Amino acid sequence: MRFHAPYMEWAKERPSPTFDLAGSNVLACTVDDLEGARDALLLSGSNENGYVPLLEAIGARYRVSADRVTTATGTSGANFQVFAALVEPGDDVLVERPGYDPLMGAIRLVGGNVIRFDRTFEEGYAIDPDRIARALTPKTRLIVITNPHNPTGALADRAALAEVGRRASDIGACVLVDEVYLDAAEENTHPAAVLAENFISTSSLTKSYGLASLRCGWAISSREVAERIRRARDVIDGTGSIAAERLGALAFAQLPRLSARASALIATNQALVHEFVKSRPELECVLPKASTVIFPRLRGASDTSAFADRLLAEHGTAIVPGRFFESPSHFRIGFGTSTEIVRGGLAELALALKNP
């Protein structure tokens with residue numbers, strides 16, 4: 001299948017481990033963590049082009065007007081709506097490598113041609129505007145970047161992003177920046193969409209706040225692009241869930257508290273994971289400033305798939321093999337889960353590394 005996303009298939013069908021270090025979400029909130037959720041859970045209301053209080057809350061959070069915000073079913077839904085709105089069959093779309101394979105699958109689904117540019121280990125997975133410029137073609141419609149980078153957690157330099165936007169603008173292209181992990185990495189978040197008119201930022205409450213089940217996603221763009229996204233959604237799923245969007249608006253009123261909960265968990269777990277990686281001679285890694293994921297390379301391994309399988313079968317611990325991100329000698333560790341799970345998973349990983 002030309003639009004197949006092998007990682008998503010694997011993620012949905014893999015066995016449940018004792019220690020799950022394969023996910024990248026922050027530990028899920030309970031209903032009681034979201035104050036007032038039981039009273040806000042109504043099944044009626046108007047959200048034809050997005051629930052207005054939610055649009056206004058997203059706009060206020062990221063300092064843009066609400067008419068530049070469009071809602072979606074998670075960040076993946078927001079990304080797909082952008083592709084459906086902007087990419088015509090035969091258009092070229094530049095996507096980073098290593099990359100998150102559902103992005104490529106969604107582009108192919110709408111008929112786009114996927115063209116790659118590299119973010120390399122040796123350069124700390126930094127964005128290189130010159131490398132991206134060399135990959136541009138006369139048919140390039142869109143450039144796709146994740147920030148922080150999935151799977152490595154590396155943050156993009158804002159000046160480099162701005163330069164990418166300038167070069168894209170020269171040929172009439174847009175830049176989509178998937179920022180689903182950004183709130184976990186930076187306290188004072190400014191979406192890439194504020195850099196220039198041709199930027200589009202997508203995100204959700206999924207990864208940084210422990211609210212994955214709401215599937216509350218959005219895109220921030222120019223007003224013109226926002227209108228195109230709304231009309232694309234008309235033929236995708238029409239509208240979002242009013243119940244989920246009501247709860248999403250409620251969550252935005254409580255983001256400082258939810259963010260503090262997530263930040264404390266991430267800081268504790270990241271310290272454990274970074275110290276572990278630095279202490280293991282079998283591993284080499286670009287250590288991200290702040291993220292919920294890390295992407296070490298296993299020295300001497302051409303493919304970590306067999307190692308990941310053995311880690312799960314013999315040690316009850318899940319990691320993501322690097323083959324799903326086109327870097328088979330690596331594996332991804334997610335540490336947004338409970339500290340107990342992280343400690344247990346790292347202990348089992350240490351045992352498995354003795355015999356990789």
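Here's what I pulled together on the structure shown here. (Residues numbered from 1 in each chain as written. Predicted model: local features only at pLDDT ≥ 70, side-chain atom pairs only at ≥ 80, totals over all residues. Heavy atoms only, no water.)

## Some points on the overall build of the protein
Scanning the protein from terminus to terminus reveals 14 helices and 14 strands. For the protein, whose C-alpha radius of gyration is 20 Å, the value lies close to the compact-globule estimate of 21 Å for 356 residues. For the protein, the spread of C-alpha atoms along the principal axes amounts to about 55 × 55 × 35 Å. Taken across its 356 residues, the protein has 58% of its residues classed as buried. About 14500 Å² of surface is accessible on the protein, with carbon and sulfur atoms providing 52% of the total. (Helix = DSSP H or I, 4+ residues; strand = E, 2+ residues; numbered from the N terminus. Rg over C-alpha atoms; globule rule 2.2 N^0.38 Å. Buried < 20%, exposed > 50% of the residue type's maximum accessible area, 1.4 Å probe, protein only. Areas by Shrake-Rupley, 256 points an atom, 1.4 Å probe, with all protein chains shown as cover.)

## Quick notes on the pattern of salt bridges
All chains considered together, the criterion is met by 20 salt bridges. Residue Asp 20 pairs with Arg 14 through a salt bridge whose shortest N-O separation is 2.9 Å. Overall, the relative accessible area of 27% leaves Asp 20 in the partly exposed class. Salt bridges here are not isolated pairs; linked through shared partners, they connect Asp 130, Glu 163, Arg 166, Arg 167 and Asp 170. (Salt bridge = Lys/Arg side-chain N within 4 Å of Asp/Glu carboxyl O.)

## Concerning the pairing of strand S3 (residues 92-97)
Of all six residues in S3, five are buried; the element is thus mostly enclosed. With six bridges connecting them, S3 and strand S4 (residues 113-118) associate as parallel partners. Within S4, the position partnered with Glu 96 by the bridge is Phe 117. In this view, the connection linking S3 to its parallel neighbour S4 by way of helix H5 (residues 101-109) has right-handed handedness. With four bridges joining them, S3 and strand S5 (residues 140-146) adopt parallel strand pairing. Looking across to S5, one finds that Asp 92 is bridged to Thr 140. (Pairing = 2+ DSSP bridges. Right-handed = clockwise from strand over helix to strand, strands pointing away.)

## A word on the environment of Pro 102
The residue Pro 102 is located in helix H5 in this model. Given a relative accessible area of 17%, Pro 102 falls into the buried group. In this structure the C-alpha to C-alpha distance between Pro 102 and Met 8, which are 94 residues apart in sequence, comes to 7.1 Å. Apart from residues no more than four positions distant in its own chain, Pro 102 is found in contact with Ala 5 and Met 8. (Contact = heavy atoms within 4.5 Å.)

## Points about the packing of helix H4 (residues 74-86) against H5
Close contact between H4 and H5 brings their axes to 9 Å; oriented N to C, the two are set at 30°. In terms of axis orientation, H4 runs roughly parallel to H5. For the element pair H4 and H5, the recorded crossing hand is right-handed. The residues of H5 that touch H4, namely those facing Asn 79, Phe 80 and Phe 83, are Leu 103, Ala 106, Ile 107 and Leu 109. Among the residues making up the contact of H4 with H5, the classes are represented as six nonpolar, one polar and no charged. (Axes fitted to C-alpha atoms, helices over the stretch in contact; angles between N-to-C directions. Parallel < 35°, antiparallel > 145°, perpendicular 65-115°, else oblique. Left-handed = near helix turned anticlockwise from the far one by under 90°. Nonpolar A, V, L, I, M, F, W, Y, C, P; charged D, E, K, R; others polar.)

## Comments concerning the environment of Ser 204
Structurally, Ser 204 is set in strand S7 (residues 199-204). In this structure Ser 204 comes out as buried when scored by relative accessible area, which is 2%. With 23 residues separating them along the chain, Ser 204 and Tyr 181 place their C-alpha atoms 8.8 Å apart. Not counting chain neighbours up to four residues away, the residues in contact with Ser 204 comprise Gly 74, Thr 75, Val 180, Cys 216, Gly 217 and Trp 218. Here the side chain of Ser 204 touches Thr 75 through a polar contact of 3.0 Å, side chain to side chain. A distance of 2.9 Å separates the side chain of Ser 204 from the side chain of Thr 206, its partner in a polar contact. (Polar contact = N/O pair within 3.5 Å; in protein donor to acceptor, adjacent residues only side chain to side chain.)

## Some details on the side chain of Glu 245
The topology assignment puts Glu 245 in helix H11 (residues 242-252). Contacts of Glu 245, omitting those with residues within four sequence positions, involve Asn 47, Gly 50, Tyr 51, Leu 54, Thr 71, Arg 233 and Gly 240.

## Focus: the packing of aromatic side chains
What describes a pair of aromatic rings is the distance from one ring centre to the other and the angle between the planes of the rings. Under the counting rule described, the total for this entry stands at 10 aromatic pairs. Relative to Phe 324, the ring of Tyr 7 lies with its centre 6.0 Å away and its plane at 65°, an arrangement referred to as edge-to-face. With Tyr 7 in helix H1 (residues 6-13) and Phe 324 in the loop between strand S13 (320-321) and strand S14 (331-334), the pair connects residues that are 317 residues apart, well separated along the chain. Between Phe 121 and Tyr 125, the aromatic rings sit 6.2 Å apart at their centres with planes inclined by 90°, giving edge-to-face as the arrangement. Side by side, Phe 121 and Tyr 125 carry an identical accessibility label, which is buried. Following the ring pairs from residue to residue traces out a cluster consisting of Tyr 7, Trp 10, Tyr 100, Phe 295, Phe 324 and Phe 325. In this arrangement the basic side chain of Arg 297 is found over the ring face of Phe 121, its NZ or CZ atom lying 3.9 Å from the centre. (Phe/Tyr/Trp six-rings, centres within 6.5 Å; stacked < 30°, edge-to-face > 60°. Lys NZ or Arg CZ within 6 Å of the ring centre and 35° of its normal.)

## Overview of the nonpolar core
Grouped together as the largest cluster of nonpolar side chains are 34 residues, with contacts concentrated most on Val 82, Phe 83, Leu 86, Leu 142, Val 144 and Ile 200. Secondary structure elements with two or more residues in this core: H1, H4, S3, H5, S5, strand S6 (174-178) and helix H10 (223-234). Once residues within four sequence positions are removed from consideration, Val 144 is found in contact with Phe 83, Val 93, Leu 94, Val 95, Glu 96, Leu 103, Ile 107, Phe 117 and Leu 176. (Core = buried A, V, L, I, M, F, W, Y, C linked by side-chain atoms within 4.5 Å.)

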